[in-house]
Amino acid sequence: MAGGRVELTEEGRRYAERGLPEKVLVDALKSGPLSFDEARKRVQAFDIALQWAKKNGWVQAKDGKLSLANRPGAIPEQDALEAVAAGKDVDQVVLEKLAWRKLVRIESEAVVETRKLAGKEVADMTPELIRTGLWKDVRFRPYDVRAAGPRMNAGKLHILTVFEQKVRRIYLDLGFTETEGPFVESGFWNFDALYQPQDHPARDLADTFYMRKPAQAKLPGAYVDAVRAVHQNGGRTGSLGWRYKWSEAVARQNVMRTHDTSVSARSLTMFRPPFKTFCIGRVFRNETIDYKHLPEFVQVDGIVVDKDVCFKDLLGYLKEFFRRMGLAKIRFTPSYFPYTEMSTQVEVYFEDRKEWLELGGSGIFRPEVTEPLGIKEPVLAWGLGFERPIMLRLGLDDIRNFYYRNDLKMLREAKVLQ
Amino acid sequence: MAIVQFEKRALEAIVGRRLGEADYKERIPLFGCPLDKMENSTVHYEVSPNRPDMFSIEGFGRAVRRFVAPGKQKLSNYKTEKAKLTLKVDPSVQQVRPHITCAVVRNVKITDDLVASLMQVQEKLHETLGRKRKKVAIGIHDLGKVQPPFAYKAVAPDSIKFIPLDIGRELTLREVLEQHPKGRAYASIIEHSKKWPVIVDKKDRVLSFPPIINGELTRVTGRTKDIFIDVTGTDERVISQALNILATSFADRGCRIEAVSVVEAGRRKATPDLSAWKMKADVSYVNRMLGLKLDKKQMAALLEKMDVGFDGTNAIIPPYRTDVMHPMDVAEDVAIAYGYDRFEPTVPKVPTIAQPLEKHERLYAIKQIMAGIGFQEVVCLTLSNAEDEFDRMNAPRKPVAETLNAVTPECDICRRELLPSLMDVLANNQHYEYPQRVFEAGDVIILDPAYETGARNVKKLAAAIADTRVSYEDIASTLASFMESAGIEYELRPTKHPSFIEGRAAEIIVKGSAVGIIGEIAPKVLVNWKMEMPVAAFELDIETAV
């Protein structure tokens, strides 16, 4: 216990003066065996004495009498107790034995130092102050409690994840089923099933990543004929169709999906009405990287399928979603998508910017989309951008800092509580 | 979206009244044309590709006039005068550019406004409906300079010479493709063919070399009185739409439209056909789609604002509309005329039970564990390149999903591992405070012939620590903490991996199979990423491990 301090306890002091109980017992037996009753009368703390004397093999019990079995030479514990009392150094092993018997108290250097603080002003609260009760004898120095501590680089979720969870929560609360689909998608599900003609500008090489490998997808046989018919002549939908020769080879071409609406199209074949599904996922556009554009970003798509839903219900779902996002002021303007009618641009008012901003497209899926996939009911559908509201909230003006550069300073300092 | 630009003065002349700021900024966008920008004397609007009729100021003004006007409006009714001219189609065009349709416009007053409008509508139609002239090319000629009848035929590239617009010298067709800027721009549309299309007059003079360029001979000037329009292309329906858009624009300016007799294989057809046509439009269907309770009269009044007639069962569609193909399109016209701003959103009412994706729930739980251990989440691009994925990692190249046409070369493959992404993040953030503990949990793409597209998403987790001193033990204890919270039993089996220091890398084994790798990143890899801090990392296939 280098630097520490050793003290006798009250019991230890008593034994130092009068002898350890086992020593008293042995001394008593030196003049011959004693009955238990007799021994108990002559030796204080007889049970302790008997326990240790037996353990050391000094005494034995026979016919109700105690007698010496082995006369001890030196008793190191007794010597040590007396040495402590005299302030001398003591063997560590014996000392720990005494401490275990609560005959000595070993104080750590920390406690010794703490005792010196009595009556003084201290900075830190310590376990020693609490344990020794010395906290009653010290004053705690007042701090400048107005000072903010230095910032920590704690573990943290990416703001995109925080936002994604918020959006997921809203859709789940509204009773939607979560779906997902592959990033590498066939032209069939990304375009054809959504009634985008095969020479549509959106399918141009300029906007879409086509795949070199894997170049071709297998087509879902059950839907190919109906999709072909609807493109060529409207099929059974009452539509005129796009009136051109639809090609399976073009539909087979794989792309990096350009929207999550491909997942919505797949959902139409997987659930029976009424149903509501949503998908939050990465989409890809073949664009040059700059502060406004990345080749991939996140969209959230939703569909509601039921026999009597209408345009007003579409607006209702969108309004409710944005209300829960804290964006109460919302308006709808006419727009165009090849796969919806009553196509609607969703615009949300950002109070701090005093601006209406386009956040996504919506509409009712055209019958040319739904009928070939086996859905007779109206399908409300929307696809909303994800990054823009986050960037506006956080005042970020460069999308690259998001998930292209993953600027650690920005991520570490990002406000995630909205 | 195409952006069209109009002089406010010219637009207001067509609309027939002054338009205020509210009209430009609030009212017109409610027709479906967002305002792009407004300057002192001009406005720029986005016109969606389903309304090419609004590329011209006449068409745009026609739509706006009806939409903003409060009262009743007469429906457009276009008349075509009987054909006097003939154009003969030679069978030789079949193999290169099979279709042509024409019109004559009489009584034209050429003004700057008209020329500006013609140039804009031609350019936009070429770009959108015409798919960069592939499907549609338009020629506009001074009819007074040439002598009918005309012929549309394909000829050998060196067999005919003419002076094309804007170059001032006579060229053969082949020379036009080689020397004229338009020739070079659009050569790909016809050069595969042995014979190329021309339109010639009675004296074999070239009016046009579609889809490339017109002849100087028929250049429209201030003195032009009568115009001949040719529209050629690959799709008969679409070239008719383009011609109708042009012809109705001229008609709106008070010009007379005269048909042309197009003779092909002995059959004679008068073009253009400017008659309105019918699309079924049931009031109850429209009401059901929109959630309205309109009667026939109300619906007719609304459609009238869109220049669409209504006879109780059918909508009467004007000849310039190209977008109506289903009764639902009529419903949209009703909705626009009614005003999107007047629809009252309903409270969501379809009762269904929510079902989260188990996979996503788990992914989120995993992210929370990693954040709890003290790691900053990063989110990286799926698209990458072989240098980052393999070369910089000192690893051999492996099969990956590859894109065909990336405009950004650094985005030409899909990543199949997350560690290169984390190295990229650490390399990009060397000017910030250390230690840097980062993780990503997300998608990679692996080739899988069993899957319908031949590639599928796999969810992985990777974590990395960069600091002045970082050891195998640091990352091993991170993995241990993660695995304990995730409830995954695993063992580490020593391995050799070129991205890691030899003797300091292990495979992560779960239920007997390797699901990931852990170790100290090899100095060569750090140097490849221009990093000066040691890094220890692990990567794990979550779908197999969890």
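Keep in mind that this is a model prediction, so the values were computed, not measured. (Residues numbered from 1 in each chain as written. Chains lettered and ligands numbered in written order. Predicted model: local features only at pLDDT ≥ 70, side-chain atom pairs only at ≥ 80, totals over all residues. Heavy atoms only, no water.)

S.K.: It is not clear to me how the overall build of chain B should be interpreted in this structure. Could you clarify?
M.R.: Per the secondary structure count, chain B includes 16 helices and 28 strands. The C-alpha radius of gyration of chain B comes to 33 Å, more than 25% above the 24 Å expected for a compact globule of 546 residues. Based on the C-alpha atoms only, the size of chain B along its principal axes is roughly 90 × 65 × 50 Å. Residues counted as buried form 57% of the 546 residues belonging to chain B. (Helix = DSSP H or I, 4+ residues; strand = E, 2+ residues; numbered from the N terminus. Rg over C-alpha atoms; globule rule 2.2 N^0.38 Å. Buried < 20%, exposed > 50% of the residue type's maximum accessible area, 1.4 Å probe, protein only.)

S.K.: Where do I start with the overall build of chain A in this structure?
M.R.: From N to C terminus, chain A includes 18 helices and 17 strands. Its C-alpha atoms give chain A a radius of gyration of 42 Å, clearly above 22 Å, the size a compact globule of 418 residues would have. When its C-alpha atoms are laid out on the principal axes, chain A stretches across 125 × 60 × 45 Å. In chain A, buried positions account for 54% of the 418 residues. In chain A, of all internal contacts separated by at least 6 residues, the share reaching a separation of at least 24 is 63%. Counting 66 positive and 58 negative side-chain charges, chain A places the centres of these two groups 3 Å from one another. (Contact = heavy atoms within 4.5 Å. Lys, Arg positive; Asp, Glu negative; His and termini not counted. Charge placed at Lys NZ, Arg CZ, Asp CG, Glu CD.)

S.K.: What's the story with the pattern of salt bridges in this structure? I'm lost.
M.R.: Side chains bearing opposite charge may pair, as long as their charged atoms lie close to each other. Across all of its chains, the model carries 75 salt bridges over all chains by this definition. The salt bridge partner of K116 of chain A is E113 of chain A, with a shortest N-O separation of 2.8 Å. Classification of K116 of chain A as partly exposed rests on a relative accessible area of 48%. As a salt-bridge pair, D199 of chain A and K135 of chain B come within 2.7 Å of each other at their nearest N and O atoms. One end of the pair, D199 of chain A, is in the loop between helix 10 (187-190) and strand 10 (211-213); the other, K135 of chain B, is in the loop between helix 4 (112-127) and strand 6 (136-142), on a second chain. By relative accessible area, D199 of chain A is classed as partly exposed at 29%. When its relative accessible area of 15% is taken as the criterion, K135 of chain B is described as buried. (Salt bridge = Lys/Arg side-chain N within 4 Å of Asp/Glu carboxyl O.)

S.K.: Looking at this structure, I do not really get the nonpolar core. What am I missing?
M.R.: One recurring pattern in soluble globular proteins is that nonpolar side chains are buried together. Among the nonpolar cores identified, the biggest contains 175 residues, and M342 and W382 of chain A together with F60, I229, F250 and M531 of chain B are the most heavily contacted of them. Once residues lying within four places of it in the same chain are set aside, the contact partners of F250 of chain B are V105, V108, L114, L118, I227, I229, C255 and I257 of chain B. Ranked by size, the runner-up nonpolar core spans 37 residues in total, among them L177, Y186, I189 and W196 of chain B. (Core = buried A, V, L, I, M, F, W, Y, C linked by side-chain atoms within 4.5 Å.)

S.K.: Which parts of the structure should I look at to understand the packing of helix 9 (residues 159-173) of chain A against helix 16 (residues 387-394) of chain A?
M.R.: If you want to describe how two helices pack, look at the angle between their axes and the distance between the axes. Residues and elements named next belong to chain A. The interhelical angle for the contact between helix 9 and helix 16, taken along N-to-C directions, is 115°, at an axis separation of 11 Å. Every pair of crossing elements has a handedness; the one defined by helix 9 and helix 16 is right-handed. Residue-level inspection shows I159, L160 and F163 of helix 9 in contact with helix 16, the latter providing E387, P389, I390 and L394. (Axes fitted to C-alpha atoms, helices over the stretch in contact; angles between N-to-C directions. Left-handed = near helix turned anticlockwise from the far one by under 90°.)

S.K.: I tried to follow the packing of aromatic side chains on my own but got confused; where do I start?
M.R.: Aromatic ring pairs: the centre-centre distance and the angle between the two ring planes describe each pair. Residues and elements named next belong to chain A. One pass over the structure, following the stated rule, counts 30 aromatic pairs over all chains. Relative to Y223, the ring of W189 has its centre 6.2 Å away and its plane inclined at 65°; by these criteria the two rings are edge-to-face. Of this pair, W189 sits in helix 10 while Y223 sits in helix 11 (residues 221-233), and the two are 34 residues apart along the sequence. Looking at W189, the relative accessible area reads 3%, which means it is buried. (Phe/Tyr/Trp six-rings, centres within 6.5 Å; stacked < 30°, edge-to-face > 60°.)

S.K.: Whenever I open this one, the interface of chain A and chain B confuses me. Can you help?
M.R.: Quoted interface sizes are often the accessible area lost when the parts come together. Tallying the contact residues gives 101 residues for chain A and 99 residues for chain B. Regarding the contact of chain A and chain B, the summed buried area is about 8,300 Å², with carbon and sulfur atoms giving 56% of it. Sorting the residues of chain A by area buried against chain B places K312, P334 and L408 of chain A first, and these three jointly supply 8% of that buried surface. The interface formed by chain A and chain B includes ten salt bridges. Among the salt bridges present, the one from K359 of chain B reaches E180 of chain A, with a minimum N-O distance of 2.8 Å. Between chain A and chain B we count 58 residue pairs in polar contact (both at pLDDT 80 or more) in total. Top element by residues in the side of chain A that touches chain B is helix 14 (residues 311-324) of chain A. It accounts for eight residues. Residue composition of the side of chain A that touches chain B, by class: 44 nonpolar, 26 polar and 31 charged. Relative to strand 21 (residues 402-403) of chain B, strand 10 of chain A runs antiparallel, the two sharing two bridges. (Buried area = accessible area lost by both parts, 1.4 Å probe. Polar contact = N/O pair within 3.5 Å; in protein donor to acceptor, adjacent residues only side chain to side chain. Nonpolar A, V, L, I, M, F, W, Y, C, P; charged D, E, K, R; others polar. Pairing = 2+ DSSP bridges.)

S.K.: Can you walk me through the sheet that holds strand 3 (residues 59-62) of chain A in this structure?
M.R.: Remark on secondary structure: sheet strands pair via backbone hydrogen bonds, oriented parallel or antiparallel. Residue and element names in this part refer to chain A. Strands sit in the order 2-4-3 across an open sheet of three strands; the sheet is antiparallel. Strand pairing shows two members of the sheet lacking a second neighbour, strand 2 (34-35) and strand 3, which therefore form its edges. Looking at chain direction, strand 3 and strand 4 (residues 65-68) are connected through four bridges and run antiparallel. Across the sheet, residue K62 finds its bridge partner in strand 4, namely K65. Docked against the sheet, helix 2 (residues 21-29) engages strand 2, strand 3 and strand 4, running at close to 90° with respect to strand 4.

S.K.: What should I look at first to understand the sheet that holds strand 17 (residues 309-310) of chain B in this one?
M.R.: Residue and element names in this part refer to chain B. The antiparallel open sheet is built from three strands, whose spatial order is 16-18-17. Two strands in the sheet have a free side with no partner beyond their single neighbour: strand 16 (277-280) and strand 17. The pairing of strand 17 with strand 18 (residues 314-317) spans two bridges and is antiparallel. Residue pairing in the sheet places G309 in a bridge with I316 of strand 18.

S.K.: Mind showing me how you'd approach a nonpolar patch on the surface here?
M.R.: A surface patch of nonpolar side chains, about 420 Å² in accessible area, is lined by M125, I130, W135 and F140 of chain A. Within the secondary structure, F140 of chain A sits in strand 7 (residues 139-140). (Patch = residues over 30% accessible without salt bridge, like charges linked within 9 Å, V, L, I, M, F, W, Y side chains within 5 Å. Areas by Shrake-Rupley, 256 points an atom, 1.4 Å probe, with all protein chains shown as cover.)

S.K.: How do you make sense of the pairing of strand 14 (residues 256-264) of chain B when you look at a structure like this?
M.R.: As a general feature of sheets, a regular strand has side chains that alternate between the two faces. Residues and elements named next belong to chain B. Among the nine residues in strand 14, seven count as buried, and that is most of the element. As paired strands, strand 4 (residues 81-89) and strand 14 are joined by six bridges and run parallel to one another. Residue pairing for strand 14: E81 is matched across the bridge by E258. Here four bridges tie strand 5 (residues 99-106) to strand 14, and the two strands are oriented antiparallel to one another. Bridged to A103 within strand 14 is A259. Of the pairings in the sheet, the one linking strand 14 to strand 15 (residues 267-271) comprises five bridges and is antiparallel in character. Along strand 15, the bridge assignment pairs E264 with R267. Here strand 14 hands over to strand 15 after two residues, with A265 in that stretch at a positive phi of 50°.

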